[in-house]
Amino acid sequence: MVVNADLAARVRGLVAGDPRVTEKKMFGGICFLLDGKILVAARRTGNLMAQVGAEAADRFDGQAGVARMVMKGKPTAAFLDIETGLIESDEELRRWIELAERYVAAKP
């Protein structure tokens, strides 16, 4: 499995203090799970996958560098694929992680 180790290490550093977050190799990358639910993933492409919910996905989908994740040939409702140019700084990466965390933490 090819994993973008640099992005995974950056995400790991930003979520390290949260005991609810675990890691699992999935989808050809490393997923970070919040209470067992997918939060974000470091994809082998260097992009970030984030579970943000349908409402936020609608808001961001189509902006430069952001698209809905496509799984099994179909766009997903709640997941975004965020290109590397939008997560170059830790501050930018943190914003996406926090957006995902707000959605995932509220899920039953």
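Use the structure listed above.
Below: a short report on this structure.

Analysis parameters
Residues numbered from 1 in each chain as written. Predicted model: local features only at pLDDT ≥ 70, side-chain atom pairs only at ≥ 80, totals over all residues. Heavy atoms only, no water. Core = buried A, V, L, I, M, F, W, Y, C linked by side-chain atoms within 4.5 Å. Buried < 20%, exposed > 50% of the residue type's maximum accessible area, 1.4 Å probe, protein only. Helix = DSSP H or I, 4+ residues; strand = E, 2+ residues; numbered from the N terminus. Contact = heavy atoms within 4.5 Å. Axes fitted to C-alpha atoms, helices over the stretch in contact; angles between N-to-C directions. Parallel < 35°, antiparallel > 145°, perpendicular 65-115°, else oblique. Left-handed = near helix turned anticlockwise from the far one by under 90°. Nonpolar A, V, L, I, M, F, W, Y, C, P; charged D, E, K, R; others polar. Phe/Tyr/Trp six-rings, centres within 6.5 Å; stacked < 30°, edge-to-face > 60°.

1. Some thoughts on the nonpolar core
Across soluble globular proteins, you tend to see nonpolar side chains buried next to one another. Within the largest apolar cluster, 27 residues are counted, with the highest numbers of intra-cluster contacts made by Val11, Phe32, Val40, Leu48, Val52, Leu80 and Trp96. Sorting the residues of this core by element identifies helix 1 (5-15), strand 2 (29-34), strand 3 (37-42), strand 4 (48-51), helix 2 (54-60), strand 6 (74-82) and helix 3 (90-106) as the ones contributing at least two each. For this core, the leading source of residues is helix 3, giving six residues. For valine 52, the contacting residues outside a window of four places in its chain are Ala57, Ala78, Leu80, Leu99, Ala100 and Tyr103. Ranked by size, the runner-up nonpolar core spans eight residues in total, among them Leu33, Met49, Met69 and Ala78.

2. Observations regarding the packing of helix 1 against helix 3
For the pair helix 1 and helix 3, interaxial distance at closest approach is 10 Å and the crossing angle is 70°. Our classification of the angle between helix 1 and helix 3 gives roughly perpendicular. As for how helix 1 packs across helix 3, the hand of that crossing is right-handed. Two secondary-structure elements touch here, helix 1 through Leu7, Arg10, Val11, Leu14 and Val15 and helix 3 through Asp90, Leu93, Arg94 and Ile97. Considered class by class, the residues forming the contact of helix 1 with helix 3 number six nonpolar, no polar and three charged.

3. Quick look at the packing of aromatic side chains
Overall, the coordinates contain one aromatic pair when judged by the stated rule. Taken together, a centroid distance of 5.1 Å and an interplanar angle of 65° make the contact between phenylalanine 60 and tryptophan 96 edge-to-face. Residue phenylalanine 60 is located in helix 2, and its partner tryptophan 96 is located in helix 3; the two are separated by 36 residues in the primary sequence. Note on phenylalanine 60: relative accessible area 18%, which makes it buried. The buried category is assigned to tryptophan 96, whose relative accessible area is 11%.

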